[in-house]
Structure formats: C-alpha cells, structure tokens
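Report on the structure
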Amino acid sequence: MTPPSEGDTRTFERTFTPEDVRRFADLSGDEQPRHLDPDEEGRLLVHGLLTATMPTKIGGDLEVLGRSMAFEFVRPVYTGETVVCRIEIERVEERDNRYDLAASVVCEKEGGGVAMRGTVEGLVRK
C-alpha cells in the first residue's frame, strides 16, 4: 500500500442507529441513561467515543497504527443524524521501516456544526 501524503484528505459518512448506541453501551460498559433513554424526539445520545470510531475507520482503511488521539467533543450527536468525518494528513516523515504521520480530524453534523475535532498521530509500516 502507498502511504498517505501530506495534504491527502479522506472522508467517511455515517448515521448512527439506536442499535449502534446500545451495542456500544454493552461493549464499553457505559450504560448511562443519557445514552439509553430516548429524548423527547425519540433519539439516543451517541457516545462521544462511538463518534470517535469514525476517524478510526479511516485510519484502518489507510493501515495506520494509532499512537495518540486527542478529541474535542463540541456538539452532541444523536441517532438519526448524519455525520461526515474528514481527516487531513498534515505531516508524513519517512523512517527506515515506517512512515510517521500526523493528521487533523473534523466531524460535522448534517445541517452544519462541528460535532468533534481533534488530532491523530500514528504510523504506517513499510
């Protein structure tokens, strides 16, 4: 696989379902009522770390082994809302057996508004 280059961008779009939230609650053990009890519109609040699986999916597509991730959760995401996550590769440094990289992350909700932003550092093996 060809490693990502500086300036490359990748996007991933997802609409979380109530089943996604329930499965994540079961896997993570985070079963707070705010995630499992529907709001007045019948929606569930998506876990922040479930939203953070979006850049993880893109990293997996690029065969990135994550070293560090820092996220800021700006707005809540609810089931039924479409979220578009964009990663931009900001730095790539070639080493003997790998490429080290740093990227910025922005996940936006349909209709506008940043839900999550952050940074990711990792490596791609040669």
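Described below are features of the structure shown in this document. Given the structure is predicted, the values throughout are model-derived calculations rather than measurements.

What to know about the pattern of salt bridges
If you walk through the whole model with that rule in mind, you get 14 salt bridges. Asp61 is the partner of Lys57 in a salt bridge, and the nearest nitrogen-oxygen pair spans 2.6 Å. Taken together, the residues Lys57 and Asp61, both in helix H4 (residues 53-61) and 4 residues apart, mark about one turn of the helix. Given the relative accessible area of 44%, Asp61 is considered partly exposed. Taking the shortest distance from any N to any O, the salt bridge between Glu94 and Lys126 comes out at 2.7 Å. Of this pair, Glu94 sits in strand E3 (residues 82-94) while Lys126 is found in the segment after strand E5 (114-125), placing the two residues 32 residues apart along the sequence.

Focus: the environment of Glu90
Mapping Glu90 onto the fold places it in strand E3. Spatially, the C-alpha atoms of Glu90 and Asp8 are 8.0 Å apart, while their sequence positions differ by 82 residues. Dropping the residues within four chain positions of it, Glu90 is found in contact with Glu6, Ala102, Ala103 and Ser104.

Conventions used here
Residues numbered from 1 in each chain as written. Predicted model: local features only at pLDDT ≥ 70, side-chain atom pairs only at ≥ 80, totals over all residues. Heavy atoms only, no water. Salt bridge = Lys/Arg side-chain N within 4 Å of Asp/Glu carboxyl O. Helix = DSSP H or I, 4+ residues; strand = E, 2+ residues; numbered from the N terminus. Buried < 20%, exposed > 50% of the residue type's maximum accessible area, 1.4 Å probe, protein only. Contact = heavy atoms within 4.5 Å.

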